[in-house]
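# Structural features, examined
Spelled out, the chains give:
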Amino acid sequence: MDFYNWLMRFKDVSLPIGDLARDAKSDRSFPKGNLDWKTLRKHIKSLNPQNPELEIVRNAFNYYLAEKSR
């Protein structure tokens, strides 16, 4: 399962990860498929270079990697 599909499991959650999932769903250019942190970070920063939510994105990506490695 790629990060985007993993993230979509949280789209109805009332937490920051849910906000991120809803933002990703509405972003037609959100990277899909197997991606690494560098690619995801580059995309997020292209939307807003001073993105205060980058830490939330990083945490979500780390949770994804941890779950994927099980």
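I will try to describe carefully the structure that is included in this document. Bear in mind the structure is a predicted one, so any value in this text is a computation, not a measurement.

Below, the discussion takes up the pattern of salt bridges. Under the criterion given, the structure shown has 2 salt bridges. Close ionic contact of Glu-67 with Arg-9 constitutes a salt bridge, the shortest N to O distance being 2.7 Å. Placement of the pair is Glu-67 in helix H4 (residues 54-68) and Arg-9 in the loop between helix H1 (3-8) and helix H2 (16-26), with a sequence separation of 58 residues. The class of Glu-67 is partly exposed, set by a relative accessible area of 32%. Note on Arg-9: relative accessible area 44%, which makes it partly exposed.

For H4, built from 15 residues, the straight-helix expectation of 21 Å at 1.5 Å per residue is met to within 8% by its first-to-last C-alpha distance of 21 Å. What H4 keeps buried is the set Leu-54, Val-57, Ala-60, Phe-61 and Tyr-64. The buried residues of H4 occupy an angular sector of 125 degrees when the element is viewed end-on, so they sit on one face. Facing away from the buried side of H4, by more than 90 degrees, are the exposed residues Glu-55 and Tyr-63. Looking at the packing, one finds that the buried side of H4 touches H1, H2 and helix H3 (37-47).

With that out of the way, let us pick up the packing of H3 against H4. Here H3 crosses H4 at 155 degrees, and the two axes come no closer than 11 Å. In terms of axis orientation, H3 runs roughly antiparallel to H4. At the point where H3 passes H4, the crossing takes the right-handed sense. Contacts between H3 and H4 involve Trp-37, Leu-40, Arg-41, Ile-44 and Lys-45 from the former and Leu-54, Val-57, Arg-58 and Phe-61 from the latter. The residue inventory of the contact of H3 with H4, partitioned by class, reads 6 nonpolar, no polar and 3 charged.

This brings us to the packing of H2 against H4. Their axes nearest at 10 Å, the elements H2 and H4 cross at an angle of 95 degrees. Between H2 and H4, the angle falls in the class roughly perpendicular. Where H2 approaches H4, its residues Pro-16, Ile-17 and Leu-20 are matched on the opposing element by Ile-56, Val-57 and Ala-60. Residues belonging to the contact of H2 with H4 are distributed by class as follows: 6 nonpolar, no polar and no charged.

Definitions and limits used
- Residues numbered from 1 in each chain as written.
- Predicted model: local features only at pLDDT ≥ 70, side-chain atom pairs only at ≥ 80, totals over all residues.
- Heavy atoms only, no water.
- Salt bridge = Lys/Arg side-chain N within 4 Å of Asp/Glu carboxyl O.
- Helix = DSSP H or I, 4+ residues; strand = E, 2+ residues; numbered from the N terminus.
- Buried < 20%, exposed > 50% of the residue type's maximum accessible area, 1.4 Å probe, protein only.
- Expected span 1.5 Å × (residues − 1).
- Arc of directions from axis to C-beta.
- Contact = heavy atoms within 4.5 Å.
- Axes fitted to C-alpha atoms, helices over the stretch in contact; angles between N-to-C directions.
- Parallel < 35°, antiparallel > 145°, perpendicular 65-115°, else oblique.
- Left-handed = near helix turned anticlockwise from the far one by under 90°.
- Nonpolar A, V, L, I, M, F, W, Y, C, P; charged D, E, K, R; others polar.

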